[in-house]
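Chain by chain, the residues run as shown.
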Amino acid sequence: MGTFAGVFTPSVLTILGIILFLRLGYVVGEAGLPRALAIIALANAISILTSLSLSAIATNLNVKGGGDYYVISRTLGPEFGGALGLVLFLAQSISIGFYCIGFGEILAVMLAPFWTVGPPLAAALAVTALFVLAWLGADWATRFQYVVMALLLAALASFYAGALEAWRPSQIVLDWKAPAGAQPFWVVFAIFFPAVTGFTQGVSMSGDLRDPSRSIPLGTFMAVGISILVYFSVAVLFAGVLPEAVLRGDNTAMRRVARFGILIDAGVIAATLSSAMASFMGGPRILQSLAGDRIFAGLNPFAQGAGPANNPRRAVLLSCAIAYLTVALGNLNLIAPIVSMFFLISYGLLNYATYFEAHAASPSFRPTFRLFHPRLSLAGAIGCLAVMIAVDWQASMIAISVLVAVIQYVKRTAGPARWADSRRSFHLQRVRVNLFAAAAEPEHHRDWRPYILAFNNRPEHLVYLLTLAAWLEGGSGLTVLAQVIEGHGPKARAIRETAQQELQQAITNGNFNAFPLAVASEDTETAVHHLTQIVGIGPLKTNTVLFNWNGNRTSGGQGFQEIIFGRHLREAFRQGCNDLILATDKDRWPEVPGAEKPRIDIWWQNDATGRLMLLLAYLITRHADWSDGQIRVLAADEALPGTPDEDGRMLADLLATFRIEGEPLILPSGEFEELVSATAETTLLFLPFRFRDNLIALEWEGPLEEILQQLPTTILTDAARDLDLEAEPEEGRAAERAEIHDTLQQMQGQLEKARRDAARAAEAVARSQTHLAAMLNADTGFIDLRAKKALEREVETAVYQAEKNRRRALKLEAKLALAQKEAIDAGVSIPDTEEDHPAGGEPGQD
């Protein structure tokens, strides 16, 4: 279908509905003409804003079947789209019954006492007739709509003809103000607002349009624009024809004014049936599109259509059944407001979806509709929410709650996404904005978090490596899982691509949060050298490397592989990265989620490595697997200055200062056997290590492999940089920058004062020289030698003082320039200064 049949006709026929014929007169009489016009304008503002958003989306996407549902699901994702599609289908189907009930009641009033059929039966007959048209397809429904439009035009023509004849300016004056005891503004607004809620009916026919990107914006704006003119003009005519008492008390006021009242009756009947027909056409198409996306498994059969137009006959049958049920239940006053709220929610989400799409700044967002701005879409979304609350806040809360419940259900049950929505673009844009914002702020010890580069150097222990990395993040860090492929050329590139896929598969299978990175390099040491410098972006740079203990060594001495392994670690250490080595195996790996009060032990050293181990242990306890985890700090009494009790209190105080819950344990001598005994029930053990040349060394003598085999799962740790666990907000680079900034301001003040002093001294020199010259050039023929000498001394003093002030100003300028350069190097903004000027010219010569 084209624009007129597919979009304009169903939209305008739904907007110019029962409110126009039976309630607009009441709105004018109850509110007074100015407030009635304000109500119409405010309600249509929502329509215009939503139409702008809809036009932007429609010209950016190839809108397929489903209308509102399709747009929102392809922008906000299947959760929002699926929930809205389901409730919109139910709302449209229930609306069919509502409109047909209204048709039966109106028919009974108009044709009484000649009409003997009860309203429910008349409503059921109307549902049946409309069902036949919907079953036959959109072309038959369109023909019916043309008949309805003809009746609607005839009714409006009859009203305009009668109103223009009877219109009196004096009556407008009488109807200008609201009468005494009138309903509040928002109550009258709530009565009128449903009149403008049909402008998206044409959008639901998107799957039946030849050119949706053109027809949806054009047809919607045509329908909204014409309906605005009709409502405004009818309101003004009402105010100039009938007194407010008649307008308020007679719902058939339009029939009184019209030239031919029977045409108004026909228009009322046509309005109810056209609205029902629009819902009968739109609702099933939303369900068909929703079923085609397989979001709700039970709805999948409704995706099938019939004929070349893919008419959704199964969905039409379901809509008809819901409409019959609505008619059978009769008065549904409790449900009706909630149904209206679902339509308002759809308009709000349309606006928000457009704002969301634009705010994501995706290069793919290229709407050809130019009369659009993201802030207008946001205003439309906020306006819809405000109108919902103003009209019926209780129904609004119920409708929102139902929608949220369905969204949560879809999140838990929906399968894999079948399309790309705008959420990823939005997240990427937020990452960009937040990275720049974080980079603009100075680093501080309080902000430190682990950015881990985990090397897959033992594939059989990859799951252990990823699990430990997830624990260490503590919900605040990031992990990049790297694998080095030694070699170059096409073969190495092919192996690298396979390794990348395998890393991603391992991450996905274990439900880990990590980023895979496979690289090809001549050797691992070179790869470590480069990766530790380049992995990351902006302020998110690698600060910690994690390896699996290689376990390869020769019996009785250091093996070649262990030397190479130590060189890799040392290279990462040189680049400023903390080194972590996971030493475990299948037998020692802890099953933490099933353990009762798992424990982390730290072999304490009061240095950078000790503080790093303590912070990492705390971060592990923040993971859900370690919710009941405990930290214990082990230390040798011989390495501490006091008695065991004093050393225990000292460690307890230190933990309290660091705000980390932990239990100190003092071992008598710190011999390895004591450590083995103390950690027999330990889940994780942090041990510090050092480099001896390129070898890893502990404080206990003996083969490293044999030492680790006697301990629980161990994390060997070496800190490249110290962490201040007691850092206050006033400390750090921010405070240093502020101090530099304050010093610069102080120096600038001193320089400006010195310049003023130099200028005043130069002025004094000029005055003294002027006085001396005047004395020497006087025509009196007499010179007072004593006065002359006094002036000469005054000139000399002024010259000396001027030169002194000038040199002082020059020195301050040099100092300030040096301080500004240092400030720029430190990343400190330079305070605004007055335009540079010389510190005073050369003093005049005698």
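Scroll up to find the structure.
Residues numbered from 1 in each chain as written. Predicted model: local features only at pLDDT ≥ 70, side-chain atom pairs only at ≥ 80, totals over all residues. Heavy atoms only, no water.

Caption draft 1: Here's a closer look at helix α14 (residues 261–292). Compared with the 46 Å implied by 1.5 Å per residue over 32 residues, the 47 Å span of α14 between its first and last C-alpha is a close match. With 27 of 32 residues buried, α14 is to be regarded as a mostly interior element. Just downstream of α14 lies Arg294, where phi reads positive at about 55°. (Helix = DSSP H or I, 4+ residues; strand = E, 2+ residues; numbered from the N terminus. Expected span 1.5 Å × (residues − 1). Buried < 20%, exposed > 50% of the residue type's maximum accessible area, 1.4 Å probe, protein only.)

Caption draft 2: Structural context of the pattern of salt bridges. Taken as a whole and assessed by the stated rule, the structure comprises 20 salt bridges. Ionic pairing is found between Asp757 and Lys753, a salt bridge with its closest N-O pair at 3.2 Å. Taken as a pair, Asp757 and Lys753 lie in helix α27 (residues 733–776) at a separation of 4 residues, close to a single helical turn. You can call Lys753 partly exposed: its relative accessible area is 43%. As a salt-bridge pair, Glu803 and Arg806 come within 3.1 Å of each other at their nearest N and O atoms. On the criterion of helical spacing, the pair formed by Glu803 and Arg806 is a turn pair, its members being 3 residues apart in helix α28 (residues 785–825). In this structure, Glu803 and Arg806 share a single accessibility class: buried. (Salt bridge = Lys/Arg side-chain N within 4 Å of Asp/Glu carboxyl O.)

Caption draft 3: Main features of the sheet that holds strand β11 (residues 684–688). In spatial order, the strands read β3-β2-β1-β6-β7-β14-β11-β8-β9-β10; together these 10 strands make up an open sheet with mixed pairing. Both outer strands of the open sheet, β3 (515–521) and β10 (663–667), are each paired with one neighbouring strand and no more. The average angle at which neighbouring strand axes cross in this sheet is 25°, direction not considered. Helix α19 (residues 462–473) rests against β1 (451–455), β2 (478–486), β6 (544–548), β7 (578–583), β11 and β14 (714–718) of the sheet, and its axis sits at about 150° to β6. The strands that helix α20 (residues 490–509) touches are β2 and β3; relative to β3, the one it contacts most, it runs at about 160°. (Pairing = 2+ DSSP bridges. Axes fitted to C-alpha atoms, helices over the stretch in contact; angles between N-to-C directions. Contact = heavy atoms within 4.5 Å.)

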